[in-house]
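If you want the building blocks of each chain, they are given just below.
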Amino acid sequence: MGAVIIGTGSCLPKRVLSNHDLEKMVETNDEWIRSRTGISTRRISGAGEETYRLATSAARKAMEMAQVTADEIDLIIVATMTSHMVMPSCACFVQKEIGANNAFAWDLNAACSGFLYSLDTAAKHVLVDQDKTILVIGAETLSSRTNWEDRNTCILFGDGAGAAVFRYEDNDRGVIGTQLFSDGSLWKLLYLHSSPSCNPEILQPDNPGPYMLMAGQEVFKHAVRAMEKAVKKLLEKENVSVDDISLMIPHQANIRILKKLMSRLGISQEKVFINVQKYGNTSAASIPIALDEANREGLLKKGDIVLLCSFGGGFTWGAGLLKW
Ligand code: UT7
């Protein structure tokens, strides 16, 4: 297989925003948020914690674990939709910060599925150019694009970054396969516009301004169905059974989505890594942050089969399988 993750890292902003803090900002309460989402706290970035800085810090930790120097990095992909600039990309800022002078770099926007899409891209690059080292980062500061007066969304999201270093190894470890999907026809159920070139007419009747808009219940239903289908298709294609899976690391959006998914897949909660209670939904950062935490907690052993899955705006969704 070949495209092996040889190091992981993550970085969370310092400020913790609790459900009790939110009670003072919008009409909500801790009990409602915990029972409907599983979230207790989330991290919110402040000065000096822009997306590229969180991404850089996560990258440095992943490189340290991988024992890779900046000069050895050939490609940097940052999955994000909240870079502090549209141009240059967040990835170019990371390149500058870490001094990866031999790398080329770009951002990939697939909303909450961004890390999975980037992993797929990285794995294919590694298989074609077997001497390449690739840094993949998922990083977001959605707090800057959240309407803090909208209780439908402001309780859900948080900031953070996670990173993984990929390198070719001539053995049976690495990315086994992926199944990725998009459906742009459903864009109005979850979107965030920031571009002056966005025609306001297409946003009628609910122009949310520069903030995220989400039809929560619809997104919820689509997320469960879509991830279930993607995972089942991938397992069938790769001839892997649910019992073969050592750990599932899903996108962390809502504990109820995850519980429904576990039940439909027949996978027990002990095999699912969950940290949504601490960080909320960090979009493209959620899988790599969870991957890094699972890795540093010693939950990933060589040879383990790891299942990733995600769902997000676009819609974008998919699943990935790794042999650790
Ligand atoms: O990363 C992928 C993108 N996002 C997602 O995956 C999120 C998917 N959706 C969800 O997680 C859930 O739909 C939410 C957590 C957003 C909402 O949960 P829900 O169970 O679907 O609640 P709801 O929207 O059906 O609202 C139920 C009630 C409503 O009151 P009424 O009409 O029953 O009186 C809402 O007005 O809860 C009310 N409500 C709240 N109450 C207290 C909505 N938000 C809040 C709130 N606090 N923050």
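Since the structure is predicted, the reported quantities are computational estimates derived from the model, not experimental observations.

What counts, and at which threshold
- Residues numbered from 1 in each chain as written.
- Predicted model: local features only at pLDDT ≥ 70, side-chain atom pairs only at ≥ 80, totals over all residues.
- Heavy atoms only, no water.
- Salt bridge = Lys/Arg side-chain N within 4 Å of Asp/Glu carboxyl O.
- Buried < 20%, exposed > 50% of the residue type's maximum accessible area, 1.4 Å probe, protein only.
- Helix = DSSP H or I, 4+ residues; strand = E, 2+ residues; numbered from the N terminus.
- Domains from an automatic or database assignment.
- Contact = heavy atoms within 4.5 Å.
- Buried area = accessible area lost by both parts, 1.4 Å probe.
- Polar contact = N/O pair within 3.5 Å; in protein donor to acceptor, adjacent residues only side chain to side chain.
- Near = heavy atom within 4 Å.
- Areas by Shrake-Rupley, 256 points an atom, 1.4 Å probe, with all protein chains shown as cover.
- Phe/Tyr/Trp six-rings, centres within 6.5 Å; stacked < 30°, edge-to-face > 60°.
- Pairing = 2+ DSSP bridges.
- Axes fitted to C-alpha atoms, helices over the stretch in contact; angles between N-to-C directions.

Description of the pattern of salt bridges
Considering all chains together, one arrives at 14 salt bridges under this definition. Residues E97 and K96 are paired through a salt bridge, measuring 2.7 Å at the closest nitrogen-oxygen approach. We classify E97 as partly exposed; its relative accessible area is 27%. Here K124 makes a salt bridge to D120, at a shortest N to O gap of 2.9 Å. Taken together, the residues K124 and D120, both in helix α5 (residues 114-128) and four residues apart, mark about one turn of the helix. The exposure class of D120 is buried, given its relative accessible area of 12%. Connected through salt bridges with shared partners, the residues E228, K232 and R264 form a single ionic network.

Considerations on the domain arrangement of the protein chain
Assigned domains within the protein chain: domain 1 (3-172) and domain 2 (175-198 + 206-323). Taken together, the contacts link 51 residues of domain 1 with 47 residues of domain 2. Summed over both partners, the interface of domain 1 with domain 2 buries about 3,900 Å², with 61% contributed by carbon and sulfur atoms. Summed over the shared surface of domain 1 and domain 2, the number is one salt bridge. Between the two partners, domain 1 and domain 2, sit 25 residue pairs in polar contact (both at pLDDT 80 or more). Elements with a minimum of two residues in the side of domain 1 that touches domain 2: β1 (3-11), α2 (30-37), β3 (41-44), α3 (51-66), α5, β6 (133-141) and β7 (159-168).

A look at the site of the ligand
Close contacts around the ligand come from 23 residues, with T28, Q217, H251, N254 and N281 the closest. R36 places a side-chain nitrogen or oxygen 2.9 Å from an oxygen atom of the ligand. Here N254 contributes a side-chain N or O atom positioned 2.7 Å from an oxygen atom of the ligand. Alone, the ligand offers 960 Å² of accessible surface; in the complex the protein occludes 75% of this.

So, the packing of aromatic side chains
Using the criterion set out here, one finds six aromatic pairs in the structure. Residues F311 and W317 carry aromatic rings whose centres are separated by 6.1 Å and whose planes lie at 35° to one another, so their mutual orientation is tilted. Judged on exposure class, the residue F311 and its partner W317 are both buried. A connected cluster of aromatic rings, assembled from ring pairs, spans F181, F311, F315 and W317.

As for the sheet that holds β7
Reading across from one edge, β1-β7-β6-β4-β5 is the order of the five strands in this open sheet, with mixed pairing throughout. With partners counted over all chains shown, the strands left at the sheet margins are β1 and β5 (104-108), one partner each. Strand-to-strand, the axes of this sheet are offset by a mean angle of 20°, without reference to chain direction. With nine bridges joining them, β6 and β7 adopt antiparallel strand pairing. The residue of β7 that forms the bridge with E140 is G160. Against the sheet, helix α4 (residues 90-98) touches β4 (75-79), β5 and β6, its axis set at about 130° to β4. Packed onto the sheet, helix α9 (residues 286-296) meets β1, β6 and β7 and runs at close to 100° relative to β1.

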